[in-house]
Amino acid sequence: MATIVPSVSWPGACWTLLVCCLLTPGAQGQEFLLRVEPQNPVFPAGGSLLVNCSTDCPSSKKIILETSLSKELVDNGTGWAAFQLSNVTGNSRILCSGYCNGSQITGFSDITVYSLPERVELAPLPPWQPVGQNLILRCQVEGGSPRTSLTVVLLRREEELTRQPAVGEPAEVNTTVLTSREDHEAHFSCRTELDMKPQGLELFRNTSAPRQLRTFALPVTPPRLVAPRFLEVEKSWPVNCTLDGLFPASEAQVYLALGDQMLNATVMNHGDMLTATATATARADQEGAREIVCNVILGGETLEARENLTVFSFLGPILNLSEPSAPEGSTVTVSCMAGARVQVTLDGVPAAAPGQPAQLQLNATESDDERNFFCSATLEVDGEFLCRNSSVQLRSVTLTFNPFTPALERLDHLKWKDKTRHVLQCQARGNPYPQLRCLKEGSNREVPVGIPFFVNVTHNGTYQCQASSSRGKYTLVVVVDIEAPKSHFVPVLLAVLVTLGVVTVVVALMYVFREHKRSGRYHVRQESTSLPLTSMQPTEAMGEEPSRAE
């Protein structure tokens, strides 16, 4: 009897198995078998395997191993032999053979190797997928065995979309998904499952790199573009482009352009609405018919809006005076001009032709001071008439003193009554506007001009009324004569005496009547007919206001 000590080791992907065989002589006429161990082994591809071939036949002296695999005889003896198989990469059947009592005996074992797939890859997704359209997911699997135990699973996030066996080399598994907004930025992946549990092993999984899907939706209507019909050279105007029903609006790109000039757009979005604003400034070389263009790009598709725009140049009107401040009697030229194709009209008189200036001349007079001149300019742009106006004021440099009062023909000698109100009406005009003052000679007492004031005898005298400006001085001498009121003392005294006499007679008669009633006769007493008098100022008697010294 011979014994081989068994030994098993599994370092990494290598399987080594030492098989123990017991050789026992058989009885006369017994049928002997050739055993192959291990029987139907399963191990990772690329590993090594120690195979033992043995029989109980005592006459079997040489046993061989028939296989296409790389083999090496490790040891042998009567009725047995051990072989080392290396780099086992595929399934194979090995055959052990020998002779017993002149007859060939054989034994076999099926070697099954398993391997994880070398490549599990989800086919690239489109950069953008329209919402509501079908998306085909494709997964390719290279390698992996045994295929009967290999399954391919397609996933959306952690959701299982389909599960199919791996068929063919490479194996390809497909499924169709109807995409929605919820699929935007979702991750899709492919996973293989090699189920070796029936062989006493485990479930081996291998997952592809995930791929992210981006979905989008566009409205059927183009963007709404708001832009001016006309734009003047070197002038700026806002441009606005709006689009609603866009998903995801934050991912859209917006381009605004004036002809070949890209505009710096500010883009804002709220929900599914996108708004882009920019400022368009026309250049001189862009004069003429142009277009404002708005392009909204999302998912590789473009929605566009265009508006016609005319760039024009409108110079003027430029209104000039040859003398803005002209001395009285000087000649002043007023001219108005504008750019090409512009028709100007100066104070209602048009220029001879568009692009030509308009002029007028005048001799400056006092009535021309602060006179306004008006010029209008008209330009036709694409069937529309654009108008601009300008004005300028002429200052006639003069100094004129115009005395006037409604009560007197002349202002140089004024007669006013004492204790009355009057207005000293003096006017002075000029450019620049003159300062007007009236001062009393000797005292420099100033009386107001153009304002009512209370007059008394202290205002008697001669006044210097002077209008002054940077152009010079003009002085007018004014004499003010205050008339004092007449005395009313004598008429008042006579009235008082008459009144006292009447009172005395009435009192005397009443006394006589009383005495007569007592005695039956009337007596007239000789009484004085005068009463004491108190002096009154004429002003008190007349009720006039007493004079006040200023």
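Identification of the chain as Intercellular adhesion molecule 3 from Macaca nemestrina is taken from an unreviewed UniProt entry. Within the UniProt record for the chain, the comment given under Function (unreviewed entry) is "ICAM proteins are ligands for the leukocyte adhesion protein LFA-1 (integrin alpha-L/beta-2). ICAM3 is also a ligand for integrin alpha-D/beta-2. In association with integrin alpha-L/beta-2, contributes to apoptotic neutrophil phagocytosis by macrophages."

K.L.:
Can you walk me through the state of the cysteines in this structure?
P.N.:
Covalently bonding the sulfur atom of one cysteine to the sulfur atom of another cysteine gives a disulfide. Enumeration according to the criterion identifies 6 disulfides in this entry. Residue C241 pairs covalently with C294 via a disulfide, S to S 1.9 Å. Between C241 and C294 the disulfide shows an S-S torsion of about -80 degrees. By sign, it is left-handed. Placement of C241 in strand β22 (residues 236-243) and of C294 in strand β27 (residues 288-298) is noted, with a sequence separation of 53 residues between them. Both residues of the pair, C241 and C294, count as buried. Paired by a disulfide, C336 and C375 hold their sulfur atoms 1.7 Å apart. Its torsion about the S-S bond being -75 degrees, the disulfide of C336 and C375 is classed as left-handed. Here C336, found in strand β31 (residues 331-337), pairs with C375, found in strand β35 (residues 371-381); they are 39 residues apart in sequence, far enough to count as distant. C375 shares its class with C336; the two are buried.

K.L.:
I tried to follow the pairing of strand β28 (residues 301-312) on my own but got confused; where do I start?
P.N.:
In summary, the side chains of a regular strand alternate between the two faces of the sheet. The pairing of strand β21 (residues 230-232) with β28 spans 3 bridges and is classified as parallel. Of the residues in β28, the one forming a bridge with L231 is V311. Where β27 meets β28, 11 bridges bridge the pair, whose relative direction is antiparallel. Following the sheet pairing, L298 is matched in β28 by E301.

K.L.:
What am I meant to see in the side chain of T192 here?
P.N.:
In this structure, T192 sits in strand β16 (residues 186-195). Every residue in contact with T192, bar those within four places of it in the chain, is listed here: P117, V120, V141, L150, T151, V152, F204, R205 and N206.

K.L.:
In this structure, what is going on with the sheet that holds strand β5 (residues 47-55)? I would like to understand it.
P.N.:
Strand pairing within a sheet occurs via backbone hydrogen bonds; the two strands may be parallel or antiparallel. Spatially, 4 strands are ordered β3-β5-β8-β7 in an open sheet, and the strand pairing comes out antiparallel. Looking at strand neighbours, the two that pair on one side only are β3 (34-37) and β7 (70-77), the edges of this open sheet. Pairs of neighbouring strands in the sheet enclose a mean axial angle of 20 degrees, with direction left out of account. With 4 bridges connecting them, β3 and β5 associate as antiparallel partners. When the sheet's bridge partners are listed, V36 is paired in β5 with C53.

K.L.:
How should the environment of T179 be read in this particular structure?
P.N.:
Within the secondary structure, T179 is located in the loop between β15 (171-178) and β16. Those residues in contact with T179, other than ones at most four positions away along the chain, are Q129, P130, V131, G132, Q133, L135, L213 and T215. There is a polar contact of 2.9 Å between the side chain of T179 and the backbone oxygen of Q133.

K.L.:
Any chance you could explain the confidence of the model for the chain here in plain terms?
P.N.:
Low pLDDT means the predicted atomic positions in that stretch should not be read closely. Mean pLDDT over the chain stands at 81; residues scoring 70 or higher make up 81%. Contacts for the low-pLDDT stretch residues 401-410, under 50 throughout, to residues beyond four places or in other chains number 25 contacts. Across residues 516-550, confidence stays below pLDDT 50; counting only partners more than four residues off in sequence or on other chains, it has 42 contacts.

K.L.:
It is not clear to me how the sheet that holds strand β20 (residues 224-226) should be interpreted in this structure. Could you clarify?
P.N.:
What the 4 strands build is an open sheet, ordered β20-β22-β26-β25; its pairing is antiparallel. The sheet is open, and its two borders are formed by β20 and β25 (266-270), each paired with just one other strand. Across the sheet, the axes of successive neighbouring strands diverge by a mean angle of 15 degrees, strand direction being ignored. The sheet contact formed by β20 and β22 spans 3 bridges and is antiparallel. For V226, the partnering residue across the bridge sits in β22 and is N240.

K.L.:
Sorry, what's going on with the pattern of salt bridges here?
P.N.:
Note that side chains of opposite charge can pair when their charged atoms are close. Taken as a whole and assessed by the stated rule, the structure comprises 26 salt bridges. In this structure, R191 engages E193 in a salt bridge whose closest nitrogen and oxygen atoms are separated by 3.2 Å. With relative accessibility at 14%, the residue R191 sits in the buried group. Within this structure, E160, R163, R191, E193 and R205 form a network of salt bridges that share partners.

K.L.:
Can you help me understand the nonpolar core in this one?
P.N.:
If you look at soluble globular proteins, the nonpolar side chains tend to sit buried side by side. Judged by nonpolar contacts, the single largest core of 28 residues is most densely connected at L225, L246 and L256. Every residue in contact with L246, bar those within four places of it in the chain, is listed here: A217, L218, P219, A252, D272, L274, V296 and L298. With 24 residues, the next largest nonpolar core counts L319, V342, A364 and L386 among its residues.

K.L.:
I keep staring at a nonpolar patch on the surface and nothing clicks. Help me out?
P.N.:
Taken together, L315, I318 and M337 make up a surface patch of nonpolar side chains, about 250 Å² in accessible area. On the secondary structure map, I318 appears in strand β29 (residues 318-321).

K.L.:
Hey, could you run me through the side chain of R156 in this one?
P.N.:
If you trace the backbone, R156 turns up in strand β13 (residues 150-156). Side chain to side chain, R156 and D183 meet in a polar contact 3.3 Å long. Discounting residues that sit within four places of it in the chain, R156 has contacts with L161, V177, D183, H187 and F188.

Definitions and limits used
- Residues numbered from 1 in each chain as written.
- Predicted model: local features only at pLDDT ≥ 70, side-chain atom pairs only at ≥ 80, totals over all residues.
- Heavy atoms only, no water.
- UniProt positions renumbered as here; feature names shortened; annotations may be inferred.
- Disulfide = S-S within 2.5 Å.
- Helix = DSSP H or I, 4+ residues; strand = E, 2+ residues; numbered from the N terminus.
- Buried < 20%, exposed > 50% of the residue type's maximum accessible area, 1.4 Å probe, protein only.
- Pairing = 2+ DSSP bridges.
- Contact = heavy atoms within 4.5 Å.
- Axes fitted to C-alpha atoms, helices over the stretch in contact; angles between N-to-C directions.
- Polar contact = N/O pair within 3.5 Å; in protein donor to acceptor, adjacent residues only side chain to side chain.
- pLDDT = per-residue confidence, 0-100.
- Salt bridge = Lys/Arg side-chain N within 4 Å of Asp/Glu carboxyl O.
- Core = buried A, V, L, I, M, F, W, Y, C linked by side-chain atoms within 4.5 Å.
- Patch = residues over 30% accessible without salt bridge, like charges linked within 9 Å, V, L, I, M, F, W, Y side chains within 5 Å.
- Areas by Shrake-Rupley, 256 points an atom, 1.4 Å probe, with all protein chains shown as cover.

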